[in-house]
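Residue-level structural notes
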Amino acid sequence: MMSVAEATPSAPKGPSIVALIGVVAVLTLVAAGGGWLLGGQLGLGLSEAAKTESAKQTMAAEVPTGSVVPLKPILTNIKIPQDVWIRLEAGVVARPGEKVSDELAATVAGDFMAFMKTVNLMQLRGPAGIEYLRTDLQERAAIRSEGKIEKVYIWALVME
């Protein structure tokens, strides 16, 4: 007769702990190598000097170099719907070497008010609408000032 221990088949043995550690180590090395190659392709391996220089160039392109002239707040209603009032607080930046006189600032503010009277409320929805408004105002300011104004900043825009 056979004993009970001999009659039951033995449970299959799972992978050893050494094999598991080996597989994890190989996968870790593959992932690290792939990350290193991808980082090299994306330019993440740039030297610190190159990173600093590119950051300085970006900052120089964004920072205005002329004087900032705040405009008086503009309060007017818009075209559609006419019962909506809008208050715009903005400022302009003169090109380097140029000066924005008080008369020119008042003329630009008046032009902004005339433009705001033609705006539809749907045009001002979301960040894109505000960016389009800023671009339109910047174009009008550049034309009105004959190129003396470089940028327009919108500090506050309140609708009621």
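- With an unreviewed UniProt entry as reference, the chain is termed Flagellar basal body-associated FliL family protein, source organism Phyllobacterium zundukense.

1. Some words on the overall build of the chain
- From N to C terminus, the chain includes five helices and four strands.
- Listing the helices and strands of the chain from first to last along the sequence gives α-α-α-β-β-β-α-α-β.
- Looking at the chain as a whole, 20% of its 160 residues are labelled buried.
- Partitioning the intrachain contacts of the chain with sequence separation of at least 6 by distance along the chain shows that 72% fall at a separation of at least 24.
- Carbon and sulfur atoms make up 64% of the accessible area of the chain, which amounts to about 11500 Å² in all.

2. Quick look at the packing of helix H4 (residues 102–116) against helix H5 (residues 126–144)
- Two elements in contact, H4 and H5, have axes separated by 10 Å at closest approach and are oriented at 135°. Comparing the axis directions of H4 and H5 gives the class oblique. For the element pair H4 and H5, the recorded crossing hand is right-handed. Side by side, H4 and H5 meet where Leu104, Thr107, Val108, Asp111, Phe112, Phe115 and Met116 of the first sit next to Leu133, Asp136, Leu137, Arg140, Ala141 and Arg144 of the second.
- Looking at the contact of H4 with H5 residue by residue, the classes come out as eight nonpolar, one polar and four charged.

3. Overview of H4
- Compared with the 21 Å implied by 1.5 Å per residue over 15 residues, the 21 Å span of H4 between its first and last C-alpha is a close match.
- Within H4, the full set of buried residues consists of Leu104, Ala105, Val108, Ala109, Asp111, Phe112, Phe115 and Met116. What you see down the axis of H4 is that its buried residues fit within an arc of 160°, all on one side. Exposed side chains of H4 directed beyond 90 degrees from the buried face belong to Asp102, Glu103 and Ala106.

4. A look at the side chain of Asp111
- Considering the arrangement of structural elements, one finds Asp111 in helix H4.
- Its relative accessible area of 11% is what places Asp111 among the buried residues.
- In terms of polar contacts, Asp111 uses its side chain to reach the side chain of Arg140, at 3.1 Å.

5. Details of helix H2 (residues 17–42)
- In this model, H2 (26 residues) spans 38 Å end to end at C-alpha, consistent with the 38 Å of a helix rising 1.5 Å per residue.
- Burial analysis of H2 places just one of its 26 residues in the buried class, a small minority of the element.

6. A few points about the nonpolar core
- Formed by 25 residues in total, the largest nonpolar core has its most connected members in Val92, Val100, Val108, Phe112, Met116 and Leu137.
- Mapped by element, the contributors of at least two residues to this core are strand E3 (85–94), H4, H5 and strand E4 (149–159).
- Considering each element in turn, this core owes the most residues, seven residues, to H4.
- Setting aside residues up to four positions removed in sequence, Leu137 forms contacts with Leu88, Phe112, Phe115, Val152 and Ile154.

7. So, the pattern of salt bridges
- Taken as a whole and judged by the stated rule, the model has four salt bridges.
- Between Asp111 and Arg140 there is a salt bridge, and its shortest N-O distance comes to 3.1 Å. Of this pair, Asp111 sits in helix H4 while Arg140 sits in helix H5, and the two are 29 residues apart along the sequence.
- Asp111 is paired through a salt bridge with Arg144; the nearest N and O atoms lie 3.4 Å apart. Here Asp111, found in helix H4, pairs with Arg144, found in helix H5; they are 33 residues apart in sequence, far enough to count as distant.
- Within this structure, Asp111, Arg140 and Arg144 form a network of salt bridges that share partners.

So, how was this worked out
Residues numbered from 1 in each chain as written. Predicted model: local features only at pLDDT ≥ 70, side-chain atom pairs only at ≥ 80, totals over all residues. Heavy atoms only, no water. Helix = DSSP H or I, 4+ residues; strand = E, 2+ residues; numbered from the N terminus. Buried < 20%, exposed > 50% of the residue type's maximum accessible area, 1.4 Å probe, protein only. Contact = heavy atoms within 4.5 Å. Areas by Shrake-Rupley, 256 points an atom, 1.4 Å probe, with all protein chains shown as cover. Axes fitted to C-alpha atoms, helices over the stretch in contact; angles between N-to-C directions. Parallel < 35°, antiparallel > 145°, perpendicular 65-115°, else oblique. Left-handed = near helix turned anticlockwise from the far one by under 90°. Nonpolar A, V, L, I, M, F, W, Y, C, P; charged D, E, K, R; others polar. Expected span 1.5 Å × (residues − 1). Arc of directions from axis to C-beta. Polar contact = N/O pair within 3.5 Å; in protein donor to acceptor, adjacent residues only side chain to side chain. Core = buried A, V, L, I, M, F, W, Y, C linked by side-chain atoms within 4.5 Å. Salt bridge = Lys/Arg side-chain N within 4 Å of Asp/Glu carboxyl O.

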